[in-house]
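Per-entry structural report
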Amino acid sequence: MEKVLLGFAAALAIGLSALATGYAQSKIGSAGAGALAEKPELTGTVIILLAIPETLVILGFVIAAMILYL
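Residues numbered from 1 in each chain as written. Predicted model: local features only at pLDDT ≥ 70, side-chain atom pairs only at ≥ 80, totals over all residues. Heavy atoms only, no water.

As recorded in an unreviewed UniProt entry, the chain goes by the name ATPase, listed as coming from Geomesophilobacter sediminis. Of the chain, the UniProt comment under Subcellular location (unreviewed entry) reads exactly: "Membrane". (UniProt positions renumbered as here; feature names shortened; annotations may be inferred.)

**Notes on the overall build of the chain**
The secondary structure content of the chain amounts to 3 helices and 0 strands. Secondary structure elements in the chain, listed N-terminal to C-terminal, are α-α-α. A globule of 70 residues ought to have a C-alpha radius of gyration of about 11 Å, yet the chain, at 16 Å, is considerably larger. With respect to the three principal axes, the spread of C-alpha positions in the chain is 55 × 15 × 5 Å. Each of the 70 residues in the chain was classed as buried or not, and the buried ones make up 13%. (Helix = DSSP H or I, 4+ residues; strand = E, 2+ residues; numbered from the N terminus. Rg over C-alpha atoms; globule rule 2.2 N^0.38 Å. Buried < 20%, exposed > 50% of the residue type's maximum accessible area, 1.4 Å probe, protein only.)

**Examining the UniProt feature "transmembrane region" (unreviewed entry) in the chain**
UniProt annotation of "transmembrane region" (unreviewed entry) refers to residues 47-69 when read in the numbering used here. A distance of 34 Å separates the end C-alpha atoms of residues 47-69, which is 91% helix and 0% strand.

**Remarks on the side chain of Thr 21**
With respect to the helices and strands, the residue Thr 21 is situated in helix α1 (residues 2-38). For Thr 21, a relative accessible area of 3% puts it in the buried group. Among the polar contacts made by the side chain of Thr 21, one reaches the main-chain carbonyl oxygen of Ser 17 at a distance of 2.9 Å. When sequence neighbours within four positions are dropped, the list of residues in contact with Thr 21 reads Pro 53, Glu 54, Leu 56 and Val 57. (Polar contact = N/O pair within 3.5 Å; in protein donor to acceptor, adjacent residues only side chain to side chain. Contact = heavy atoms within 4.5 Å.)

**As for the packing of α1 against helix α2 (residues 43-51)**
For any two helices packed against each other, the geometry comes down to the angle between their axes and how far apart the axes lie. Contact geometry of α1 with α2 gives a least axis separation of 10 Å together with a crossing angle of 175°. As the angle between them shows, α1 and α2 are arranged roughly antiparallel. Contacts between α1 and α2 involve Gln 25, Ile 28, Gly 29, Gly 32 and Leu 36 on the former and, on the latter, Thr 43, Val 46, Leu 49 and Leu 50. Of the residues assigned to the contact of α1 with α2, the class counts are 5 nonpolar, 4 polar and no charged. (Axes fitted to C-alpha atoms, helices over the stretch in contact; angles between N-to-C directions. Parallel < 35°, antiparallel > 145°, perpendicular 65-115°, else oblique. Nonpolar A, V, L, I, M, F, W, Y, C, P; charged D, E, K, R; others polar.)

This is how it looks when you write it as structure tokens:
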């Protein structure tokens, strides 16, 4: 039973962080598309802003690995 709960906790760590990342990227992406329509020179900035939330999934993966293997 303990392994089941550990697996569930690891799945929640990755799943919830992935959902939060998707939500953040949807908001940043729509705002970035509007900004790029007005100022195309902001392309690099928008790409960087879209990449920042991806670290949340990486951290969720690290937490899941710690839950399962420590």
